[in-house]
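# Survey of secondary and tertiary structure
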Amino acid sequence: MAASEVPAVVSSSSLKTDTSPVLETAGRVAAMAATPPATAAAAAVAAAARTGSEARVSKAALATKLLSLSGVFAVHKPKGPTSAELLNRLKEKLLAEAGMPSPEWSKRKKQTLKIGHGGTLDSAARGVLVVGIGRGTKMLTSMLSGSKRYIAIGELGKATDTLDSTGKVTEEKPYDKITQEDIEGILQKFTGNIMQVPPLYSALKKDGQRLSTLMKRGEVVEAKPARPVTVYSISLQKFQPPFFTLDVECGGGFYIRSLVSDIGKGTELLLPSALKALLVSGMQLSASAAAVKCL
């Protein structure tokens, strides 16, 4: 899926306008062909007025229907846009299909479409993003309290300021002496309840601003203290130096970028490493969410 595309997550049939007014108008136009010009003109004006009124009613009905939606659903986030950018595209598309221009409707507090996402995926990541609409937005936190599963590709011998492939390279070292056994042995240290330092380039905030925003401005940012996270399982799927592929199941608040960086530092050579690619392959919803998909 291209970065500019938004997944179709709402049934198209629920957002289509009724075509019967168009057919009725066509019939009236055909009937007017046999009437005098003056009568036909008056009839045309009346038909146009009726059609316009019907269209407004139809759009209003669609808007009401959209604003009444409540529930949760999953979309595929491609590599490129942030989670927030994808959510904004989705919201704009839904509003446009219901005939609700964003600027005009956003001023009406009671009629604003409520939509949000659970968890935040890096712009370089692709995979499942859970979205809540209406009352479903209040369920996201509790629903996503389960585990997440990632397929991650790390690159040995290279470190970046963002801990992934989007950042500036800050260090390079040869990696030819690292073996598959070395990586497999290190993974045992990252299983269970561990302490992890979040990346400086992250959505975490300082004084109300994201750390990543402060870093891009060139401001000095101190690393957040290490915090407890949980890794339920981790395994090495493939080792083709300098790349290694991991299958990771973890709890909330876990950063795969930090994991890949820490794995490199955990080798005897203190080798730098950075995240090359990331796929969110699935997530385990909480028990309360298993039976509730739409309110």
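This is a predicted model, so every value here is computed, not measured.

### Examining the overall build of the protein
Along the backbone of the protein there are nine helices and 12 strands. When burial is assessed residue by residue, the protein has 38% of its 295 residues classed as buried. Taking all contacts inside the protein whose residues are at least 6 apart in sequence as the whole, residues at least 24 apart take part in 69%. As displayed, the protein offers around 16500 Å² of accessible surface, 56% of which is attributable to carbon and sulfur atoms.

### Brief notes about the nonpolar core
Counting 46 residues, the largest nonpolar core has Leu-246, Ile-256, Leu-259 and Ile-263 as its most contacted members. Not counting residues up to four positions away in its chain, the partners in contact with Leu-246 are Tyr-150, Ile-151, Ala-152, Leu-187, Ile-234, Ser-235, Leu-236, Gln-237, Leu-259 and Ile-263. One finds Val-72, Val-130, Leu-140 and Leu-144 within the second-largest nonpolar core, a separate group that totals six residues.

### A short note on a negative patch on the surface
On the surface, Glu-181, Asp-182, Glu-184 and Glu-268 cluster together to form a negatively charged patch. Position of Glu-181 among the secondary structure elements: in helix 6 (residues 180–187).

### Looking at the pattern of salt bridges
Under the counting rule described, the total for this entry stands at three salt bridges. Note that Asp-247 is salt-bridged to Arg-149, the shortest N-O span being 2.5 Å. Here Arg-149 lies in strand 4 (residues 148–156) and Asp-247 lies in strand 11 (residues 243–250), a separation of 98 residues in the sequence. A salt bridge links Lys-158 to Glu-155, with the shortest nitrogen-to-oxygen separation between them at 3.6 Å.

### Some words on the side chain of Asp-247
Given a relative accessible area of 11%, Asp-247 falls into the buried group. Of note is the side chain of Asp-247, whose polar atom sits 2.5 Å from the side chain of Arg-149. When neighbours within four sequence positions are excluded, Asp-247 is seen to be in contact with Arg-149, Tyr-150, Ile-151, Ser-233, Ile-234, Ser-235 and Gln-237.

### Re the pairing of strand 1 (residues 71–77)
The two faces of the sheet receive side chains in turn, since in a regular strand these alternate between them. Burial runs high along strand 1: five of the seven residues are buried. Here strand 1 pairs with strand 3 (residues 125–133) via seven bridges, running antiparallel. Residue pairing in the sheet places Val-72 in a bridge with Gly-132 of strand 3.

### Comments concerning the environment of Gly-154
Counting through the fold element by element, Gly-154 comes out in strand 4. Residue classification places Gly-154 among the buried residues on the basis of a relative accessible area of 1%. Each C-alpha atom of the pair Gly-154 and Ile-256 lies 9.6 Å from the other, and the pair is 102 residues apart in sequence. Apart from the residues within four sequence positions on either side, Gly-154 is in contact with Pro-242, Phe-243, Phe-244, Val-260, Ala-274, Leu-275 and Lys-276.

### Quick look at helix 6
Every buried residue belonging to helix 6 is among Ile-183, Ile-186 and Leu-187, and all of these are buried. One face of helix 6 carries all of its buried residues, which in axial projection span an arc of 105°. The secondary structure elements touched by the buried residues of helix 6 are strand 4, strand 10 (227–240), strand 11 and helix 8 (256–265).

### Thoughts on the environment of Ala-63
If you trace the backbone, Ala-63 turns up in helix 2 (residues 37–67). Taking relative accessible area as the criterion, Ala-63 reaches 4% and is therefore assigned buried. For the pair formed by Ala-63 and Leu-95, sequence separation is 32 residues and the distance between their alpha carbons is 7.8 Å.

### A short note on helix 3 (residues 83–97)
End to end, helix 3 covers 21 Å across 15 residues, agreeing with the expected 21 Å (1.5 Å per residue, within 8%). Among the residues of helix 3, Ser-83, Leu-86, Leu-87, Leu-90, Leu-94 and Leu-95 are the ones counted as buried. Seen along its axis, helix 3 keeps its buried residues to an arc of 165°; they face one direction. Exposed residues on helix 3 whose side chains face more than 90 degrees from its buried face are Glu-92 and Ala-96. One or two steps after helix 3, the chain reaches Gly-99, where phi turns positive at roughly 70°.

### What to know about the confidence of the model for the protein
Parts of the model with low pLDDT should not have their predicted coordinates read in detail. Averaged over every residue, the pLDDT of the protein is 74; residues scoring 70 or more account for 69%. For the protein, the element scoring lowest by mean pLDDT is helix 9 (residues 287–290), at 36; strand 10 scores highest, at 96. Taken as a whole, residues 1–42 scores under 50 in pLDDT and shows 43 contacts with residues more than four places along the chain or in a different chain. For residues 103–109, every residue scores under 50 in pLDDT, and the model assigns this stretch seven contacts once sequence neighbours within four places are set aside.

### Overview of unusual backbone geometry
The omega angle of the peptide bond from Pro-241 to Pro-242 is 10°, so this bond is cis rather than trans. Relative to the helices and strands, Pro-242 resides in the loop between strand 10 and strand 11. Its identity is not glycine, yet Leu-163 carries a phi of approximately 70°, on the positive side. Note that Leu-163 resides in the loop between strand 5 (158–160) and strand 6 (169–172). With a relative accessible area of 18%, Leu-163 lands in the buried category.

Calculation notes
Residues numbered from 1 in each chain as written. Predicted model: local features only at pLDDT ≥ 70, side-chain atom pairs only at ≥ 80, totals over all residues. Heavy atoms only, no water. Helix = DSSP H or I, 4+ residues; strand = E, 2+ residues; numbered from the N terminus. Buried < 20%, exposed > 50% of the residue type's maximum accessible area, 1.4 Å probe, protein only. Contact = heavy atoms within 4.5 Å. Areas by Shrake-Rupley, 256 points an atom, 1.4 Å probe, with all protein chains shown as cover. Core = buried A, V, L, I, M, F, W, Y, C linked by side-chain atoms within 4.5 Å. Patch = residues over 30% accessible without salt bridge, like charges linked within 9 Å, V, L, I, M, F, W, Y side chains within 5 Å. Salt bridge = Lys/Arg side-chain N within 4 Å of Asp/Glu carboxyl O. Lys, Arg positive; Asp, Glu negative; His and termini not counted. Charge placed at Lys NZ, Arg CZ, Asp CG, Glu CD. Polar contact = N/O pair within 3.5 Å; in protein donor to acceptor, adjacent residues only side chain to side chain. Pairing = 2+ DSSP bridges. Arc of directions from axis to C-beta. Expected span 1.5 Å × (residues − 1). pLDDT = per-residue confidence, 0-100.

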